[in-house]
Amino acid sequence: MSTLGHPIATPRRPRFLLARLGDLLHYVALLALGLFCVTPIVVMFATSFKLQSDLFTQGLNFVFMPTLQNYRDVLFDDHFDRYLVNSLLVGVASTAITLLLGCMAAYGLVRLRFRGRRVLGYTTLLLRTVPLAVLAVPVFMIWSQAGIANSLGGLVLLYVAVNLPFTIWLLYGFIQQVPIELEEAAAIDGCGPVAVFWRVVLPLIRPGLAAAAIFTFRIAWNEFILALVLTDRATRTLPVAASLYITDIGVDWGKVMALGSLIAIPPLVFTFLAARQIITGLTAGAVKG
């Protein structure tokens, strides 16, 4: 029906309700995903403040009398400072070397034209798909013959090899977005190839360097299987030290969770610092009209 030749408008309320229902389901799904990710972390921190007797009597209970005994036992352990220094040395050294080699390799793949460039790039990325557990036995045999097993240098070298393929391909996209005209202008002003790379390219790919640093440091800091195989008492890292609380008579869950909480702090701090650099790098290059 129509009035004076004008059609009656179709009510939009059902469509509006469907849109609101879709938004509600979207936020419910995000909330469920957030709870799924946060719950293990909350349980870990809560367990770290419980005594072993409370764990068996109370179970998963968030109402309890907290204690710092587990943290005191972990922090005042005779070897905690050694394990902490080992983890820091391995994480920082492997991250620095990986970023240095990765950005130079990615720059060469982007700017240089040579036969087999694409094959080399895809082969490098394919190596990253190999599970770390598969590498444990062959790497131990090779490292033992080379005399670098049970050493921090051997562990750093391995983490560089593991993280380098992903770093190359991550920085490949960032370097590809750098206009070649900027490098040509710098070359006309008298900069050599090395100066162009360090003064022009690297400042423009800071977001990529920050993201690669987060990924590389996290792997080197948290990795357990290879560190367990390639370290001894003097070169253990913190994840390997956490396994020492798993004995034949049981698992000291309070100390395991306390050390796990301490292990989680540096990657979180480093991620927040690097994420700030990512935002700064993305907004610093904005062009004002």
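Each chain carries its own residue numbering, running from 1 in the written order of its sequence. pLDDT decides what is reported in this predicted model: residues at 70 or higher carry local features, side-chain atom pairs at 80 or more are listed and counted, and totals for whole chains, interfaces and linings draw on all residues regardless. Only hydrogens and water are removed before side-chain values are computed, so all heavy atoms of the structure are retained for them.

Turning to the environment of leucine 155, a few remarks are in order. For leucine 155, the position within the fold is in helix H7 (residues 152-176). A contact between two residues is defined here by any heavy atoms of the two lying within 4.5 Å. When sequence neighbours within four positions are dropped, the list of residues in contact with leucine 155 reads Val90, Trp143, Leu226, Ala227, Leu230, Thr231 and Thr237. Put simply, DSSP H or I for four residues or longer makes a helix, DSSP E for two residues or longer makes a strand, and each gets a number counted from the N terminus.

The next point concerns the nonpolar core. To form a nonpolar core, buried Ala, Val, Leu, Ile, Met, Phe, Trp, Tyr and Cys residues must be joined to one another through side-chain atoms within 4.5 Å. To sort residues, take the accessible area from a 1.4 Å probe on protein chains only and compare it with the maximum for the residue type: under 20% means buried, over 50% means exposed, and anything in between is partly exposed. Judged by nonpolar contacts, the single largest core of 19 residues is most densely connected at Ile175 and Ile205. Mapped onto this core, the elements with two or more residues apiece are helix H4 (80-111), H7 and helix H9 (193-204). Apart from residues no more than four positions distant in its own chain, isoleucine 205 is found in contact with Phe174, Ile175 and Val178. Counting residues in each nonpolar core, the second largest holds 16 residues, with Trp143, Ala149, Leu155 and Ala227 among its members.

Before going further, it helps to examine the side chain of threonine 237. With respect to the helices and strands, threonine 237 occurs in the loop between helix H11 (225-230) and helix H12 (238-242). When sequence neighbours within four positions are dropped, the list of residues in contact with threonine 237 reads Tyr83, Asn86, Ser87, Leu155 and Ala227.

pLDDT is a residue-level measure of predictor confidence that goes from 0 to 100. When pLDDT is averaged along the protein, the result is 82; 87% of the residues meet or exceed 70. The low-confidence segment residues 281-289 (pLDDT under 50) makes four contacts with residues lying over four places distant or belonging to another chain.

Note that alanine 186 resides in helix H8 (residues 180-188). Between the alpha carbons of alanine 186 and arginine 199 there is a distance of 9.0 Å; along the sequence they are 13 residues apart. Filtering out sequence-adjacent residues up to four positions away, alanine 186 remains in contact with Cys191, Val196 and Val200.

What follows concerns the packing of H4 against H7. The relative placement of two packed helices comes down to the angle between their axes together with the axis-to-axis distance. Only the contacting stretch of a helix is used when fitting its axis, a line to C-alpha atoms as for every element, and angles between N-to-C directions run 0 to 180 degrees. Direction vectors running N to C along H4 and H7 enclose 40 degrees, while the axes themselves pass 6 Å from each other. Relative to H7, H4 is oriented oblique. With respect to the hand of their crossing, H4 and H7 are arranged in right-handed fashion. When residues are sorted by character, Ala, Val, Leu, Ile, Met, Phe, Trp, Tyr, Cys and Pro go into the nonpolar class, Asp, Glu, Lys and Arg into the charged class, and all the rest, Gly among them, into the polar class. Looking at the contact of H4 with H7 residue by residue, the classes come out as 22 nonpolar, seven polar and one charged. The cut-offs work like this: below 35 degrees is roughly parallel, past 145 is roughly antiparallel, 65 to 115 is roughly perpendicular, and the gaps in between are oblique. Crossings are assigned a handedness: left-handed for a near helix turned anticlockwise from the far helix by less than a right angle, right-handed for a clockwise turn.

Quick look at unusual backbone geometry now. One non-glycine residue, asparagine 150, adopts positive backbone phi at about 60 degrees. By the secondary structure assignment, asparagine 150 is in the loop between helix H6 (132-146) and H7.

So, on to the pattern of salt bridges. Salt bridge, as applied in this entry: a Lys or Arg side-chain nitrogen positioned within 4 Å of an Asp or Glu carboxyl oxygen. Counted under the stated rule, the structure contains three salt bridges. Between lysine 255 and aspartate 73 there is a salt bridge; the shortest N-O distance is 3.9 Å. Pair noted here: lysine 255 is in helix H13 (residues 253-284) and aspartate 73 is in helix H3 (residues 69-75), with a separation of 182 residues, a long-range link. By relative accessible area, which is 28% here, aspartate 73 ends up partly exposed. For arginine 111, the salt bridge identified is with glutamate 183, shortest N-O distance 2.8 Å. One end of the pair, arginine 111, is in helix H4; the other, glutamate 183, is in helix H8, and 72 residues separate them in sequence. One salt-bridge network, in which partners are shared between bridges, spans Asp73, Asp252 and Lys255.

With that settled, consider a nonpolar patch on the surface. What goes into a patch is any residue over 30% in relative accessible area without a salt bridge, connected to like charges within 9 Å or, for nonpolar side chains (Val, Leu, Ile, Met, Phe, Trp, Tyr), within 5 Å. All accessibility values rest on the Shrake-Rupley procedure with a 1.4 Å probe; residue burial counts only the protein chains present in the view. A cluster of nonpolar side chains, contributed by Val137, Phe140, Met141, Phe224, Ile225, Leu228 and Val229, occupies part of the molecular surface with about 580 Å² of accessible area. Mapped onto the nonpolar patch, the elements with two or more residues apiece are H6 and H11. Checked against the element boundaries, phenylalanine 140 lands in helix H6. On the basis of relative accessibility, which here comes to 35%, the residue phenylalanine 140 falls in the partly exposed class.

Let's shift gears to the packing of aromatic side chains. When two rings of Phe, Tyr or Trp (its six-membered ring) have centres within 6.5 Å they constitute a pair, described as stacked for plane angles under 30 degrees, edge-to-face for angles over 60, and tilted for the intermediate range. Applying the stated criterion to the full structure yields six aromatic pairs. When the centroid spacing of 4.2 Å and the interplanar angle of 35 degrees are considered together, the rings of phenylalanine 166 and phenylalanine 215 count as tilted. In this pair, phenylalanine 166 sits in helix H7 while phenylalanine 215 sits in helix H10 (residues 206-222), placing the two residues 49 residues apart along the sequence. On the basis of relative accessible area, phenylalanine 166 is assigned to the partly exposed category, the value being 29%. Centre to centre, the rings of phenylalanine 197 and tryptophan 198 are 5.7 Å apart; their planes meet at 80 degrees, and the pair counts as edge-to-face. Taken together through their ring pairs, the aromatic side chains of Tyr107, Phe197 and Trp198 make up a single cluster.

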